[in-house]
Amino acid sequence: MRRFLRSVAFAWAGVRASVRTEANMRLHLVAVVAVNAAGWLAGLSRTEWLAIVIAQGMVLGAELLNTAVEHVVDLASPGPHPLAKAAKDAAAGAVLVAAVMAVIVGLIVFGPHIVP
Ligand SMILES: Nc1ncnc2c1ncn2[C@@H]1O[C@H](COP(=O)(O)OP(=O)(O)OP(=O)(O)O)[C@@H](O)[C@H]1O
């Protein structure tokens with residue numbers, strides 16, 4: 001149990017570090033707060049919340065993995081290298097795909113609440 005709590009503490013430190021150093025992570029968190037407030041005001045159903053929460057988790061998770069990839073790439077290749085670029089661009093692409101899908105989920109969920 002102690003080992004598990006230590007792992008959670010390390011993981012939480014990783015989340016805090018990403019929020020501290022990554023402007024995009026802070027942007028995503030602002031979006032999460034705004035969307036959740038809008039969802040509360042719109043009185044979303046349980047199923048609609050499910051879609052929203054999963055979409056947000058995908059974006060935040062992708063952003064954390066992107067941060068991890070950036071750190072590892074900078075460690076392995078401090079100078080310019082085509083593979084470093086490919087790795088960073090692919091990781092950034094994962095965030096982009098998750099964010100675009102989250103916007104589509106938002107449109108599907110909030111659309112009928114805005115235009116009944
Ligand atoms: N070591 C590297 N070698 C080659 N290209 C790189 C390297 N590091 C970053 N790049 C590329 O340069 C472009 C801009 O990267 P930049 O350093 O501005 O952002 P990042 O490191 O990807 O992320 P962040 O701005 O969050 O640190 C991207 O296409 C990225 O893939």
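Residues numbered from 1 in each chain as written. Predicted model: local features only at pLDDT ≥ 70, side-chain atom pairs only at ≥ 80, totals over all residues. Heavy atoms only, no water.

Peer 1: Hey, could you go over a nonpolar patch on the surface for me, with residue numbers and the actual values?
Peer 2: A contiguous nonpolar surface patch, about 580 Å² in accessible area, is contributed by Leu96, Val97, Val100, Met101, Ile104 and Ile108. Structurally, Leu96 can be placed in helix H4 (residues 82–114). Judged by its relative accessible area of 56%, Leu96 is exposed. (Patch = residues over 30% accessible without salt bridge, like charges linked within 9 Å, V, L, I, M, F, W, Y side chains within 5 Å. Areas by Shrake-Rupley, 256 points an atom, 1.4 Å probe, with all protein chains shown as cover. Salt bridge = Lys/Arg side-chain N within 4 Å of Asp/Glu carboxyl O. Helix = DSSP H or I, 4+ residues; strand = E, 2+ residues; numbered from the N terminus. Buried < 20%, exposed > 50% of the residue type's maximum accessible area, 1.4 Å probe, protein only.)

Peer 1: Tell me what's going on with the UniProt feature "transmembrane region" (unreviewed entry) in the protein chain, and back it up with residues and numbers.
Peer 2: UniProt records the feature "transmembrane region" (unreviewed entry) for residues 89–110 in the present numbering. Taken end to end, residues 89–110 has its terminal C-alpha atoms 31 Å apart, with 100% of it in helix and 0% in strand. (UniProt positions renumbered as here; feature names shortened; annotations may be inferred.)

Peer 1: Mind laying out the pattern of salt bridges, listing which residues take part and the relevant values?
Peer 2: One pass over the full model with this rule turns up 2 salt bridges. The partner of Asp74 in a salt bridge is Lys88, and the shortest N-O contact between them spans 2.8 Å. One end of the pair, Asp74, is in helix H3 (residues 46–76); the other, Lys88, is in helix H4, and 14 residues separate them in sequence. Taking relative accessible area as the criterion, Lys88 reaches 29% and is therefore assigned partly exposed. Between Asp89 and Lys85 there is a salt bridge; the shortest N-O distance is 2.8 Å. Separated by 4 residues within a single helix, Asp89 and Lys85 lie in helix H4, roughly one turn from each other.

Peer 1: Describe the site of the ligand, naming the residues involved and giving the relevant values.
Peer 2: In the vicinity of the ligand, the residues found are Glu22, Glu70, Ser77, Gly79, Pro80, His81, Ala84, Lys85, Lys88 and Asp89. Between Glu22 and the ligand, the recorded distance is 3.3 Å, taken from a side-chain N or O atom to an oxygen atom. A distance of 2.6 Å is found between an oxygen atom of the ligand and a side-chain nitrogen or oxygen belonging to Asp89. In terms of residue count, the dominant contributor to the shell around the ligand is H4 (4 residues). In the shell around the ligand, the residues fall into 2 nonpolar, 3 polar and 5 charged. (Near = heavy atom within 4 Å. Polar contact = N/O pair within 3.5 Å; in protein donor to acceptor, adjacent residues only side chain to side chain. Nonpolar A, V, L, I, M, F, W, Y, C, P; charged D, E, K, R; others polar.)

Peer 1: Quick rundown of H3? Include the residues and the values.
Peer 2: Helix length check: H3, at 31 residues, gives a terminal C-alpha distance of 44 Å against a target of 45 Å (1.5 Å per residue), a fit within 8%. Glu48, Ile52, Ala55, Gln56, Val59, Leu60, Ala62, Glu63, Asn66, Thr67 and Val73 are the residues of H3 that are buried. Taken together, the buried residues of H3 touch helix H1 (2–21), helix H2 (23–42) and H4. (Expected span 1.5 Å × (residues − 1). Contact = heavy atoms within 4.5 Å.)

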